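Analysis of the macromolecular model
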Amino acid sequence: MRIRRILAAVIATAALAGLGLTGAATATAQDAPSVVSPSQCREGGGEPRIDLPGNPCVGGTYDGQAVD
């Protein structure tokens, strides 16, 4: 009986930890701006590539974000 309680506690802890990690990843993705300026792209360590389709910022903090 004691083993079942311990096993249930371990499973519950793992499930809650998984939910916490999922929430943290979602919050991080939502905090990133969808469009950055060329100077923001450079300050973040990237290179604005307005010659490519979608005008992406390549590299750095804003990698993949559109450059306006």
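Residues numbered from 1 in each chain as written. Predicted model: local features only at pLDDT ≥ 70, side-chain atom pairs only at ≥ 80, totals over all residues. Heavy atoms only, no water.

1. Focus: the overall build of the protein chain
Check the secondary structure of the protein chain and you find 2 helices and 4 strands. Here the protein chain holds 68 residues, and 12% of them are scored as buried. Surface exposure of the protein chain reaches about 5200 Å², of which carbon and sulfur atoms provide 61%. (Helix = DSSP H or I, 4+ residues; strand = E, 2+ residues; numbered from the N terminus. Buried < 20%, exposed > 50% of the residue type's maximum accessible area, 1.4 Å probe, protein only. Areas by Shrake-Rupley, 256 points an atom, 1.4 Å probe, with all protein chains shown as cover.)

2. As for the environment of Asn55
Turning to its location among the elements, Asn55 is positioned in the loop between β2 (47-48) and β3 (57-58). For the pair Asn55 and Gln65, spaced 10 residues apart in sequence, the C-alpha separation works out to 8.2 Å. Discounting chain neighbours no more than four positions away, the residues touching Asn55 are Arg49, Ile50, Gln65, Ala66 and Val67. (Contact = heavy atoms within 4.5 Å.)

3. Structural notes on unusual backbone geometry
With phi around 50 degrees, Asn55 is a residue other than glycine that occupies positive phi space. You can call Asn55 partly exposed: its relative accessible area is 30%.

4. Comments concerning the pattern of salt bridges
Evaluation of the coordinates by the stated rule reveals 1 salt bridge. One salt bridge connects Asp51 with Arg49, and the closest N-O pair in it is separated by 2.9 Å. Given a relative accessible area of 32%, Arg49 falls into the partly exposed group. (Salt bridge = Lys/Arg side-chain N within 4 Å of Asp/Glu carboxyl O.)

5. A few points about the environment of Gly59
Along the polypeptide, Gly59 turns up in the loop between β3 and β4 (66-67). Placed 15 residues apart in sequence, Gly59 and Gly44 show a C-alpha to C-alpha distance of 8.4 Å. Not counting residues within four places of it along the chain, the set of residues in contact with Gly59 comprises Gly45 and Gly46.

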